[in-house]
Structures are given as structure tokens and as C-alpha cells.
Amino acid sequence: VAYLVVFHILFVLFVWTYWKSVFTLPIQPGKKFHMSYADQERYENEERPEVQRQILAEIARKLPVYTRTGNGGQLGRELYQLRIFHFSFLSFCRCVLKMDHHCPWVNNCIGFSNYKFFLLFLAYSLLYCLYIAATVFKYFIKYWTVSREIRHSSELWRSPEPACLTNGRSKFHILFLLFVAIMFFVSLMFLFGYHCWLVSRNRSTL
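All figures in this text were calculated on a predicted structure; none of them were measured in a lab.

Calculation criteria
- Residues numbered from 1 in each chain as written.
- Predicted model: local features only at pLDDT ≥ 70, side-chain atom pairs only at ≥ 80, totals over all residues.
- Heavy atoms only, no water.
- Core = buried A, V, L, I, M, F, W, Y, C linked by side-chain atoms within 4.5 Å.
- Buried < 20%, exposed > 50% of the residue type's maximum accessible area, 1.4 Å probe, protein only.
- Helix = DSSP H or I, 4+ residues; strand = E, 2+ residues; numbered from the N terminus.
- UniProt positions renumbered as here; feature names shortened; annotations may be inferred.
- Axes fitted to C-alpha atoms, helices over the stretch in contact; angles between N-to-C directions.
- Parallel < 35°, antiparallel > 145°, perpendicular 65-115°, else oblique.
- Left-handed = near helix turned anticlockwise from the far one by under 90°.
- Nonpolar A, V, L, I, M, F, W, Y, C, P; charged D, E, K, R; others polar.

A. Expanded view of the nonpolar core. If you look at the biggest cluster of nonpolar residues, it comprises 12 residues: Cys103, Val106, Ile110, Tyr115, Phe118, Leu119, Phe121, Leu122, Leu126, Cys129, Leu188 and Leu198. Breaking this core down by element, the ones donating at least two residues are helix H4 (115-145) and helix H6 (168-200). For this core, the element with the highest residue contribution is H4, accounting for 7 residues. In this structure, Leu10, Tyr128, Tyr131 and Ala133 belong to the second largest nonpolar core, which totals 10 residues.

B. Local environment of the UniProt feature "transmembrane region" (unreviewed entry) in the protein. In the numbering used here, UniProt assigns the feature "transmembrane region" (unreviewed entry) to residues 6-27, 117-141 and 172-194. The span residues 6-27 carries 82% helix and 0% strand; its end-to-end C-alpha distance comes to 35 Å. As a span, residues 117-141 carries 100% helix and 0% strand, and end to end its C-alpha atoms are 36 Å apart.

C. Structural context of the packing of helix H1 (residues 2-23) against H4. In the contact formed by H1 and H4, the axes pass within 8 Å of each other and the chain directions differ by 150 degrees. When the interaxial angle is binned, H1 and H4 end up roughly antiparallel. Taken as a pair, H1 and H4 cross one another with a handedness that is left-handed. Of the residues assigned to the contact of H1 with H4, the class counts are 19 nonpolar, 3 polar and 1 charged.

Shown next as C-alpha cells:
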């Protein structure tokens, strides 16, 4: 019963964060943060990267954004990197506030509005796969430690384990479930660790 309770708690959290990641719409920056048509045309027509960076720095100085010291004192209005938003030219990703990436798994742009849900989705997915692998692992060990003679002997009915766990089909199911859980766990571990590193550095994928 305890296994089922923990399983369904993780499952509900997993589904809820996935739902929020999918259906939370990306937020666009306000009109005052948009590049004017003249600035955009000047930036796109310029081919030299150093001049493009200079154009962006000039545009950033005009934005209503202030940098402050630790005690709240104002330093100035200069921003040398437009970290507030990123432009995406994909048809399904418009100008998204603090866009991180377009995730095909949730079919949505991950940015300021749903990055928290995406990070929680990775965390609960990681715990979900780990829990499945941990609860299945003992049956995986059982299949490779119990001999064929014992599993098919006349004493089988005395075993506390269900008889259905001793046939070849269930063995394949357990092996497949363990392999898939571990495979996704390893993949999610690296992805979740990478995004935790990005958060700790106040950076994004783009």
C-alpha cells in the first residue's frame, strides 16, 4: 500500500507539472522593450558582429531598466546584453520573455512564464524513474539469482511471491521496465543538472 501511495503522489506531481509546462503560454515583453523598426532594420542589415553588439548596447541604454547595488543604490541604465528577452524566428515561437528553448517534448516555448514548471517537471520525472527502477530492481535480482529448478519445483506454491512472476513473459516485462526507467533516469539526470547549473549562474540555454 505504501508503494502505491508514493507512486501515485509522484505520478500526480509528474502529470501536473507536465500539464503546466504544456499549457502555460509564453509571455511577450511589453511594447516599450521591443526594437523599433528602424533599429531592427539597422541591426539586420549590419553584417559585422562587433557593430551588431554595439547597436544592441545602444538600444539597451534606452530601455527603462536599471541596475542596482546590493543596498539598493542605483548604478545606471546601461545594459550591454539584452538578457531580458530573446528573439526567435520560429513560426511557433514569437518574441518570448527570457526564452530558454523550444521543447519538443512539451510542444511549447520554455521561458519566463513556465520555466519553473519545466524545471519541476524534470525533477519529478527524475524521481519517478528512480522510484520505478528501485521498486523493480529486487524482482530483476530475483530472476537472476533463483535457479530454474527452484522456480519450477513443486515447492513453488509455498513461495510468498506470485507464481506469475516466474514465467518468461513477466521476466521480459520486468527487464524492459527496468531498462527504460534507468535509461530515462540517466538522461534526465544530465538534463536536470544542466538546467540547475544554468539557474545557479542566472543564464539560459540561448
